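# Reading the structure
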Amino acid sequence: MGRQLALVAFFGSGSDTHSIMDRVLPLAKTQGYEADNLVCAGDLPHGRPTPMNMYKCFLDLDVWPALAVVKIDDTGVGIDEGRAASCWTVGLSLSGNEAG
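Now for a description of the structure that goes with this document. (Residues numbered from 1 in each chain as written. Predicted model: local features only at pLDDT ≥ 70, side-chain atom pairs only at ≥ 80, totals over all residues. Heavy atoms only, no water.)

### Here's the deal with the packing of aromatic side chains
Applying the stated criterion across every chain, the model contains one aromatic pair. Ring geometry for Y55 versus F58: centroids 6.1 Å apart, planes at 50°, classification tilted. Highlighted residues: Y55 and F58, both in helix 2 (residues 52–61), separated by three residues, approximately one helical turn. With a relative accessible area of 34%, Y55 lands in the partly exposed category. (Phe/Tyr/Trp six-rings, centres within 6.5 Å; stacked < 30°, edge-to-face > 60°. Helix = DSSP H or I, 4+ residues; strand = E, 2+ residues; numbered from the N terminus. Buried < 20%, exposed > 50% of the residue type's maximum accessible area, 1.4 Å probe, protein only.)

And the structure:
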């Protein structure tokens, strides 16, 4: 049986989020979470809500079609990104900056 793959990507805000994620990812790994891919806002010239970060993630992970992907996000702009990429999109309402 092959590996069950959880396709996960962090989409940061701002232009230098790799420095933040370099600190967060090792902490997440100690709690059993390991990302398969990382795409940050500064990696591409067009960020959210365009689907470009999602498309890069699809290419990096060799994932298609987009309709087979579930995008989970806790921001309005992240939900817009998933919809623009033609993904199933799930919004979280009790996390993120807007929840405090």
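More follows now that the structure is in view.
### Digging into the pattern of salt bridges
One pass over the full model with this rule turns up five salt bridges. Between E34 and K29 there is a salt bridge; the shortest N-O distance is 3.6 Å. For K71, the salt bridge goes to D73, with nearest N and O atoms at 2.8 Å. Of the two residues, K71 and D73, neither departs from the other in class, the shared state being buried. One continuous salt-bridge network, built from bridges that share partners, spans R48, K71, D73 and E81. (Salt bridge = Lys/Arg side-chain N within 4 Å of Asp/Glu carboxyl O.)

### Quick notes on unusual backbone geometry
Geometrically, the link from R48 to P49 is a cis peptide bond, its omega value of 10° lying close to zero. Here P49 is to be found in the loop between strand 2 (37–38) and helix 2. Even without a glycine there, the phi angle at D62 is positive, about 55°. With respect to the helices and strands, the residue D62 is situated in the loop between helix 2 and strand 3 (70–73). Although it is not a glycine, S86 adopts a positive phi angle of roughly 65°. Within the fold, S86 resides in the loop between helix 3 (76–84) and strand 4 (88–91).

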